[in-house]
Structure formats: structure tokens, C-alpha cells
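# Analysis of the macromolecular model
Read off the chains here:
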Amino acid sequence: MRVYSLFLLLFLLLLCSRADAFFGHGLVRCQFTSLEDVVYVEQYYFSKFLLIQYNSTLGKFTGYTERAIDIADGLNKSPDLMRQEKKNEKKCKSHIQSVLDLLSKSVEPSVRLRSVDAAGSKHPGMLVCSAYNFYPKQIRVTWLRNGNNVTSDVTSTEELPNGNWLYQIHSYLEFTPRPGEKITCIVEHASLTGPKLYEWDPANESQRNKIAVGTAGLLLGLVFLVIGLIYYKKNNAGQVLVPTS
Ligand SMILES: *[C@@H]1O[C@H](CO)[C@@H](O)[C@H](O)[C@H]1NC(C)=O
């Protein structure tokens, strides 16, 4: 889709560059307010000055300097290029629905509550409540201790963009573990029908650690088994080559 535009940009650069300190750039925009009102725009700049622009509403290139007007006229007479621009406009329109779908949807966060080392803290313990891969950005992560809101010793990151429209956030609670205490992380988000509670369970964590160690051991065993099998096969294959009178 972009090949034509890149050629065009290079062509313009070659036409315009004389000294070494010039700078050209192209801008492709797919603008819309609704599915019916879509404009596909290609703009070609040279040293920040707009030289040529394609606007799908007009269906043609427009030049903004004497020379650029000549070039635009030439481009408008190329059926191949015009066909390509129509294709680009179509592509722009067809992608809008998926963008609108994404904007209207919400994606539920996956939440993980775990303890980490609290280095340099006046409290020996620290819990992290992490919400991953949610959309839209707005979210609320709060804490309860024995059913009461916790406001002090809580810090949080911003909503961090993953770069794929989804976000993550991490809320930290510094605390001194006391037996029988109930600590809960609450997540509120548009994707949820109500606040979702995640209760801290220290036993659960040690259980998880045991499972992790067990799994690692099992994997190591499997690796040795496979290596053993490979050796066994190799040796057997070697024996086949020996003629058995
Ligand atoms: C494209 O052309 C239409 C119709 O002339 C105009 O309303 C619109 O502003 C133009 N868009 C751009 C980005 O120049």
C-alpha cells in the first residue's frame, strides 16, 4: 500500500533537494467522525512546507507551489496512482470499523496479587496488586485491611500503556503481617459488573512456590529422559549398520 507513496516522496526529495540541510516527510491520515464521514489524506512536506496533498474528498492531488502544482497535475493523470489512492481510501474505510469496535469494547484485567521484598521500608512486608491487559484506561485499585479501607502506605504506578491499546497498573501496599489479618485488593473497571475482590492468602503463595519447584524438577527430569532416549536411539541406529551375517 505504501510503496507508491514512498516512491512519490523520494521523487519529491530528488526534485527539491539542493543543499544538504533539507528534510522531507510524508503524512498519511485516515480521518473520520463516523463511518460515513471518512477522509483519506496524504501530505508531502519539504522542510515543513506542505507541497502536495491528496484528499479523497476531492479525489485528486493538489499542489501548493508553482512547481508542485505541475507535479500534482502529472500525478493526477496517472491512472495507476489514482487507482492506488482509491485502494488506500478503501483500506482506510475498512479499518475504521475495527477501531470503532475496539473503542466501544472493554477488556477485563487479569489481576495478580503477590508479595515482594520491601527493601528500605519501615514495614517488613509489601504486597503488589497488578492488573494486566485492560481497556479502557480508567481503573481503580484499592485495598482493604480487615474490611476497612487502607489509605496510608499505598503507592501506585500510573496506568501504563502496553502499546497495544491495553494497559497495566501496579498498586503497592506496605504492611506488617499480623496473623489472622485479612488483606484484600479491590479492582473496579468498566469491564466488570461490580468491584472485584482479591484476597491475600499467604498459604496460597507458599503453595505456588512448591508447585513451581515441583514443576522445575519435573521438567529437568524430562530433559534428562529425552537426552537419554536420543543417546539410546543413536547407539541402536549404529548397531543396525553392523552387518549381521
Ligand atoms: C479535504 O477536502 C475537503 C473538501 O474540500 C475539505 O473539507 C477538507 O478539509 C479537506 N481535508 C484536508 C485535511 O485538507
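Residue numbers run consecutively from 1 along every chain, following the written order of its sequence. Where totals are concerned, whole chains, interfaces and linings use all residues; where local detail is concerned, this predicted model gives features only for residues with pLDDT of at least 70, and gives and counts side-chain atom pairs only at 80 or more. Values reported for side chains reflect all heavy atoms of the structure, with hydrogen atoms and water molecules removed beforehand.

### Comments concerning the pairing of strand β2 (residues 38–46)
Taking burial as the measure, the 9 residues of β2 include 9 buried ones, the bulk of the element. Buried means the residue's accessible area, taken with a 1.4 Å probe over protein chains only, is under 20% of the maximum for its type, while exposed means over 50%, and partly exposed covers the values in between. Labels follow the DSSP assignment, with helices taken as runs of H or I lasting at least four residues and strands as runs of E lasting at least two, numbered in each case from the N terminus. Residues Val38, Tyr40, Glu42, Tyr44 and Phe46 point to one face of β2 and Val39, Val41, Gln43 and Tyr45 to the other, with burial holding for every one of them. Relative to β2, strand β1 (residues 24–32) runs antiparallel, the two being bridged by 9 bridges. For Gly26, the partnering residue across the bridge sits in β2 and is Tyr44. Between β1 and β2, which pair antiparallel one after the other, the connecting turn spans 5 residues. Two strands form a pair only when DSSP identifies at least two bridges running between them. Pairing of β2 with strand β3 (residues 49–55), which is carried by 6 bridges, proceeds in the antiparallel orientation. Among the inter-strand pairings, Phe46 is bridged to a residue of β3, identified as Phe49. Turn length for the β2-β3 hairpin, with the two strands adjacent in sequence and antiparallel, is 2 residues, and the turn residue Ser47 shows positive phi of about 45°.

### A short note on the state of the cysteines
Any pair of cysteine sulfurs within 2.5 Å is marked as a disulfide. Scanning the model with the defined rule gives 2 disulfides in all. Between the sulfur atoms of Cys30 and its disulfide mate Cys92 the distance is 2.1 Å. Torsion about the S-S bond of the Cys30 and Cys92 cystine: about 85°, corresponding to right-handed handedness. Separated by 62 residues along the polypeptide, Cys30 in strand β1 and Cys92 in helix α3 (residues 79–104) bring together distant segments of the chain. For Cys92, a relative accessible area of 5% puts it in the buried group.

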